[in-house]
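If you want the building blocks of each chain, they are given just below.
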2 protein chains.
Amino acid sequence: MTAAIDFYFDFSSPYGFIGSEKIEALAARHGRKVAWHPVLLGVVFKQTGSVPLTQVPLKGDYSKRDFARSARFHGVTDFRMPTVFPISTQAPARIVVWLQRTNPEMTARVLHALYRAFFVDDVDISNPDRAAAIAGQCGVDATAARAAIDDPAIKDALRLENDKAIAAGVFGSPFVIVDGEPFWGVDRFEQVERWLATGGW
Amino acid sequence: MTAAIDFYFDFSSPYGFIGSEKIEALAARHGRKVAWHPVLLGVVFKQTGSVPLTQVPLKGDYSKRDFARSARFHGVTDFRMPTVFPISTQAPARIVVWLQRTNPEMTARVLHALYRAFFVDDVDISNPDRAAAIAGQCGVDATAARAAIDDPAIKDALRLENDKAIAAGVFGSPFVIVDGEPFWGVDRFEQVERWLATGGW
């Protein structure tokens, strides 16, 4: 029996989106499941002094080009850069945290739908009503999802998850931890794959 | 007849070192040569507001682990983290710029020797005497190499090269440009390879 691999992501992260589309198949090739961890990079960036890639001189223009090119490279051909970017991701992250506590078997389905709404259909999922509506389209009670976004217990739960992620060394998205070994970026998935196959090198 | 691919690197960059060990074979598989471009990331970082990876909270510890793991992953098995890091790289960069103008056929050999001195043998190549001595071990006139490091014309030439790199959008190391398409990082070499094979996707 082998442990799930931990996948940390921010809903506003293009590389996180690409990773989210690849990670389950990658894990399954090695008999693993995925443990999903939504994080709020804005909070993490305060610790690392980072700013969103697209706002950095020189890096910003490159990044936008690389997002689209990397998505196509990894076979995520319907990626498109959202009109509003970056966004706050409390609303979708809280929906995931809420589902994990109340309806865990719906987590992955709703998470993929939220990510695809943002990075394929250009829906601003920072909007709580829209985020809840997407959960509703997946078969979840949309009213309950909307209420969860404002529920102090869910807010606290997400804050705690975020603190635990930072304590685990997470500082970017996607971030994968395999049996204690950390990998940052969808461009480390080849290393993740080899690590799963060989246990290290 | 196809153009050389441009490889930009800083001598203090571990990923630049890994890339420098791989890029010629990669280029050769597609009938290309490599045009080497030493840059001073310290100057570039002033424009992007970046700091060396190892000095960023959380990212720093991860980076040191990833340098070594990525080196092994890419088959550069004798990589070791230098005792003094990061370093100023004016001395080795000026030697390269000087050779490109006076003895171009020695450029690659000396460049590899300088990089390997720093990242394999733990020699502080920021020291002009040591950098010149390494060039000397490759068969270059060490006294002339040492003089080149203090030559105002060579200093100006490196400054100009650095300005041209920034103007071309370079902000990190390694940075590869293939027929106008920019790729940042040794973790983009797979994309570089596919770009060379297909002309884009």
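Within each chain, residue numbers correspond to sequence positions counted from 1 in written order. Chains carry letters from A onward and ligands carry numbers from 1 onward, assigned in written order. Local features are withheld for residues below a pLDDT of 70 in this predicted model, meaning they are given only at 70 or higher, and side-chain atom pairs are given and counted only at 80 or more; totals for whole chains, interfaces and linings count all residues. Here the side-chain values reflect all heavy atoms present in the structure, with hydrogen atoms and water set aside.

Q: Please give an account of the environment of A:Gly31 that cites residues and values.
A: All names here are of chain A. For the purposes of this entry, the term helix denotes a DSSP run of H or I that reaches at least four residues, the term strand denotes a run of E that reaches at least two, and both are numbered from the N terminus. For Gly31, the position within the fold is in the loop between α1 (14-28) and β2 (34-38). Relative accessibility thresholds used throughout: buried, under 20% of the residue-type maximum; exposed, over 50%; partly exposed, between the two (1.4 Å probe, protein chains only). Overall, the relative accessible area of 58% leaves Gly31 in the exposed class. As for Gly31 and Asp179, which are separated by 148 residues in sequence, their C-alpha atoms are 14 Å apart.

Q: Give me the pairing of strand β3 (residues 175-178) of chain A: which residues, what numbers.
A: Residues and elements named next belong to chain A. Here β3 shows a buried face lined by Phe175 and Ile177 and a second buried face lined by Val176 and Val178. Strand pairing requires that DSSP identify at least two bridges connecting the strands. Of the strand pairs in this sheet, β3 and strand β4 (residues 181-184) are connected by four bridges, and their pairing is antiparallel. Opposite Val176, over in β4, you have Phe183 as the bridge partner. Turn length for the β3-β4 hairpin, with the two strands adjacent in sequence and antiparallel, is two residues, and the turn residue Asp179 shows positive phi of about 50°.

Q: Please provide a residue-by-residue account of the relation of the copies chain A and chain B, values included.
A: When the copies are superposed, the least-squares fit takes in the C-alpha atoms of residues with a pLDDT of at least 70 in both. When chain A is fitted to chain B, the best match, at an RMSD of 0.0 Å, comes from turning it 180° and sliding it 0.0 Å along the axis. In short, the pair behaves as if placed about a two-fold rotation axis. Using C-alpha coordinates, one finds that chain A approaches the rotation axis most closely at A:Asp187, a distance of 3.0 Å. We call two residues in contact whenever any of their non-hydrogen atoms come within 4.5 Å of each other. A symmetric contact is evident, with 100% of the interface residues of chain A recurring at the interface of chain B.

Q: Got a sec to walk through the packing of helix α4 (residues 90-102) of chain A against helix α5 (residues 107-119) of chain A? Specific residues and values, please.
A: Residues and elements named next belong to chain A. In this analysis an axis means a line fitted to C-alpha atoms, helices contributing only their contacting stretch, and an angle means the value between N-to-C directions, from 0 to 180 degrees. Viewed as axis vectors pointing N to C, α4 and α5 meet at an angle of 170°, and their least axial separation amounts to 9 Å. One way to sum up the angle between α4 and α5 is to call them roughly antiparallel. Contact with α4, carried on its side by Pro92, Ile95, Val96, Leu99 and Gln100, involves Thr107, Val110, Leu111 and Leu114 of α5 and no other residues of that element. Each residue belonging to the contact of α4 with α5 can be placed in one class, and the counts come to seven nonpolar, two polar and no charged. If an angle is under 35 degrees, it is roughly parallel; if it is over 145, roughly antiparallel; if it lies from 65 to 115, roughly perpendicular; otherwise it is oblique. Gly is put with the polar residues, along with every residue not named as nonpolar or charged; the nonpolar set is Ala, Val, Leu, Ile, Met, Phe, Trp, Tyr, Cys and Pro, and the charged set is Asp, Glu, Lys and Arg.

Q: With reference to specific residues and values, describe unusual backbone geometry.
A: All names here are of chain A. Cis rather than trans, the peptide bond between Ser173 and Pro174 has omega equal to -5°. The residue Pro174 is located in the loop between α8 (152-167) and β3 in this model. Despite not being glycine, Asp122 has its phi angle at roughly 60°, a positive value. Assignment of secondary structure puts Asp122 in the loop between α5 and α6 (128-137). Looking at Asp122, the relative accessible area reads 24%, which means it is partly exposed.

Q: A description of the sheet that holds strand β1 (residues 5-9) of chain B should follow, citing residues and the corresponding values.
A: Residues and elements named next belong to chain B. Reading across from one edge, β2-β1-β3-β4 is the order of the four strands in this open sheet, with mixed pairing throughout. At either end of the open sheet lies a strand with only one pairing partner, and these are β2 (34-38) and β4 (181-184). Geometrically, the sheet is characterised by an average inter-axis angle of 20° between neighbouring strands, direction not taken into account.

Q: Please provide a residue-by-residue account of the side chain of B:Ser70, values included.
A: With respect to the helices and strands, the residue B:Ser70 is situated in helix α3 (residues 59-73). The contacts of B:Ser70, once residues within four sequence positions are left out, are A:Arg188, A:Gln191, B:Tyr15 and B:Ile18.

Q: Please provide a residue-by-residue account of the environment of B:Gly60, values included.
A: All names here are of chain B. Residue position: Gly60 is located in helix α3. When its relative accessible area of 3% is taken as the criterion, Gly60 is described as buried. In this structure, Gly60 is in contact with Leu53 and Thr54, ignoring residues within four places of it in sequence.

Q: How would you summarise helix α3 (residues 59-73) of chain A if you had to cite specific residues and measurements?
A: All names here are of chain A. Compared with the 21 Å implied by 1.5 Å per residue over 15 residues, the 20 Å span of α3 between its first and last C-alpha is a close match. For α3, the set of buried residues is Lys59, Gly60, Tyr62, Ser63, Asp66, Phe67, Arg69, Ser70, Ala71 and Phe73. Directly beyond the C-terminal end of α3, a positive phi value near 85° is found at Gly75. Each residue after the first adds 1.5 Å to the expected span of a helix.

Q: Talk me through the packing of helix α1 (residues 14-28) of chain B against helix α5 (residues 107-119) of chain B; I want residue IDs and the actual numbers.
A: All names here are of chain B. Between α1 and α5, the shortest axis-to-axis distance is 10 Å and the interhelical angle comes to 140°. For the element pair α1 / α5, the angle class is oblique. Crossing hand, α1 versus α5: left-handed. Contacts between α1 and α5 pair Pro14, Gly16, Phe17, Ser20, Glu21 and Glu24 from the former with Ala108, His112, Tyr115, Arg116 and Phe119 from the latter. Here is the rule for handedness: rotate from the far helix to the near one, and if that takes an anticlockwise turn smaller than a right angle the crossing is left-handed, while a clockwise turn gives right-handed.

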